[in-house]
Amino acid sequence: MVSRASAVRVGLVFPELLGTYGDRGNAVVLVERCRRRGIDAELVEVAAGAPIPDSLDVYLLGGGEDDSQVMAAAGMRESSAAIERAQHSGAVILAVCAGFQLLGHRYEARGGEQLDGLGLVDMTTAAGPSRLIGEVVVEPDPSLRIPTLSGFENHGGRTRLGPDEHPLGRVLAGGGNGVGGVDGVLRERIIGTYLHGPVLPRNPALADLLLTWVLGRDLEPVDDRLPDELRSLRVAAATATGWRARVRDFKLNRG
Ligand code: GLN
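Let me sum up the structure you'll find in this document. (Residues numbered from 1 in each chain as written. Predicted model: local features only at pLDDT ≥ 70, side-chain atom pairs only at ≥ 80, totals over all residues. Heavy atoms only, no water.)

**Structural notes on the environment of G184**
(1) Moving on: Structurally, G184 can be placed in the loop between strand 10 (182–183) and strand 11 (185–187).
(2) Moving on: What makes G184 buried here is its relative accessible area of 0%.
(3) Moving on: For the pair G184 and A95, spaced 89 residues apart in sequence, the C-alpha separation works out to 9.0 Å. (Helix = DSSP H or I, 4+ residues; strand = E, 2+ residues; numbered from the N terminus. Buried < 20%, exposed > 50% of the residue type's maximum accessible area, 1.4 Å probe, protein only.)

As structure tokens, this is what we get:
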């Protein structure tokens with residue numbers, strides 16, 4: 001196994017603001033999946049208000065309410081140059097919900113407040129008429145070669161991707177972006193999604209994909225029977241719920 005000169009630096013950005021829905025678990029899982037393979041890794045917390053370093057290997061942005069998002073957006077904009085340098089150096093970005101929304105040009109909150117994002121992705125988000133809450137199942141872009149993704153969502157925002165952007169995947173159950181039947185965004189080493197769960201403990205193949213990008217090589221397998229069983233159960237439950245909802249709506253619409 002080629003040893004890596006330095007530890008894999010897994011950055012958790014502004015967890016006090018973008019940690020409402022437990023997305024810290026994404027950082028814990030990445031560090032743990034390195035440890036299980038004897039790969040040195042460290043969790044680097046970037047406190048709200050602190051500058052975001054350009055030296056991390058992975059940048060994890062989690063979910064948060066609208067108010068927290070305002071403060072997080074300000075901090076991210078102040079560090080936008082560092083984030084862009086990191087991205088151009090091959091760093092990986094996984095942004096969930098509020099963090100995902102802030103990768104775009106702007107987020108229009110329910111009260112009409114306009115929040116400028118990083119503009120790393122050509123997309124805009126605006127609060128919709130209701131919140132999308134519940135289990136989500138996403139068929140990921142085939143280029144990722146990972147199985148169906150499971151998670152849960154809780155957001156009011158609806159995200160519209162620009163014409164040249166590609167989604168993370170197609171929504172099989174739940175809402176996702178709430179526009180066009182897709183979830184998230186996939187651009188180079190940026191993955192955005194509405195999947196909480198947290199998404200990486202729920203989907204170990206996605207966690208390993210990010211680590212493969214960081215390490216530049218395939219990873220030795222680890223025992224994922226438990227998380228795989230959880231994912232299968234959640235996908236089955238959500239898909240069944242999805243079908244039950246479709247049958248109910250069909251009957252209601254038929255009258
Ligand atoms: N505040 C944003 C929204 O409601 C993001 C919510 C979240 O991060 N779960 O859409």
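**As for the nonpolar core**
(1) Moving on: Residues I93, L103, I191 and L200 are the most contacted members of the largest nonpolar core, which totals 69 residues.
(2) Moving on: Looking at which element gives the most residues to this core, the answer is helix 6 (residues 204–215), with eight residues.
(3) Moving on: What I93 contacts, discounting residues up to four positions off in sequence, is Y59, L61, I83, Q87, L103, L120, R189, I190 and I191. (Core = buried A, V, L, I, M, F, W, Y, C linked by side-chain atoms within 4.5 Å. Contact = heavy atoms within 4.5 Å.)

**Overview of the pairing of strand 7 (residues 123–140)**
(1) Moving on: Of the strand pairs in this sheet, strand 5 (residues 106–108) and strand 7 are connected by three bridges, and their pairing is parallel. Residue E108 lies in a different strand from strand 7, and its bridge partner there is A126.
(2) Moving on: As paired strands, strand 7 and strand 8 (residues 149–161) are joined by 12 bridges and run antiparallel to one another. Of the residues in strand 8, the one forming a bridge with M123 is L161.
(3) Moving on: Across four bridges, the pairing between strand 7 and strand 9 (residues 169–173) is antiparallel. (Pairing = 2+ DSSP bridges.)

**Structural notes on empty space enclosed by the protein**
(1) Moving on: A complete count under the given rule lists one cavity of 30 Å³ or more for this structure.
(2) Moving on: What the largest cavity holds in volume is close to 50 Å³.
(3) Moving on: Around the largest cavity sit V13, I52, Y59, L61, M76, I83, I93, L103, L118 and L120, which together line it.
(4) Moving on: Looking at side-chain class alone, the lining of the largest cavity contains 10 nonpolar, no polar and no charged residues. (1 Å grid on protein atoms, 1.4 Å probe; cavity = no way out; pocket = protein on both sides within 12 Å on 5 of 7 lines; lining within 4 Å. Points joined across faces, edges and corners; volume = space filled by probe spheres on them. Nonpolar A, V, L, I, M, F, W, Y, C, P; charged D, E, K, R; others polar.)

**Thoughts on the side chain of S150**
(1) Moving on: Position of S150 relative to the elements: it lies in strand 8.
(2) Moving on: Engagement of the side chain of S150 in a polar contact is seen with the side chain of R202, the distance being 2.7 Å. (Polar contact = N/O pair within 3.5 Å; in protein donor to acceptor, adjacent residues only side chain to side chain.)

**Here we look at helix 3 (residues 80–88)**
(1) Moving on: For helix 3, the set of buried residues is A82, I83, A86 and Q87. Looking straight down helix 3, one finds its buried side chains confined to an arc of 135°; they lie on one side.
(2) Moving on: The secondary structure elements touched by the buried residues of helix 3 are strand 3 (58–61), helix 2 (66–78), strand 4 (92–96) and strand 12 (190–193).
(3) Moving on: Positive backbone phi, approximately 100°, marks G90, located one or two places after helix 3. (Arc of directions from axis to C-beta.)

**Some thoughts on the sheet that holds strand 11**
(1) Moving on: Spatially, six strands are ordered 2-1-3-4-12-11 in an open sheet, and the strand pairing comes out mixed. Both edges of this open sheet fall to strand 2 (41–46) and strand 11, since each of them pairs with a single strand only. Strand-to-strand twist across the sheet, computed as the mean angle between neighbouring axes with direction ignored, equals 15°.
(2) Moving on: As judged from the four bridges shared by strand 3 and strand 4, these two strands associate in the parallel manner. Directly across from L61, in strand 4, lies its bridge partner A95. (Axes fitted to C-alpha atoms, helices over the stretch in contact; angles between N-to-C directions.)

**What to know about the layout of surface pockets**
(1) Moving on: One number sums up the size of the largest pocket: a volume of about 190 Å³.
(2) Moving on: For the lining of the largest pocket, the leading source of residues is helix 6, giving four residues.
(3) Moving on: Counted as a void, the second largest pocket has a volume near 160 Å³.
(4) Moving on: What lines the second largest pocket is V29, E32, R33, R36, L200, P201, P204, D224 and P227.
(5) Moving on: Those elements giving two or more residues to the lining of the second largest pocket turn out to be helix 1 (24–35) and helix 5 (199–202).
(6) Moving on: If you tally residues by element for the lining of the second largest pocket, the top one is helix 1, at three residues.
(7) Moving on: Each residue belonging to the lining of the second largest pocket can be placed in one class, and the counts come to five nonpolar, no polar and four charged.

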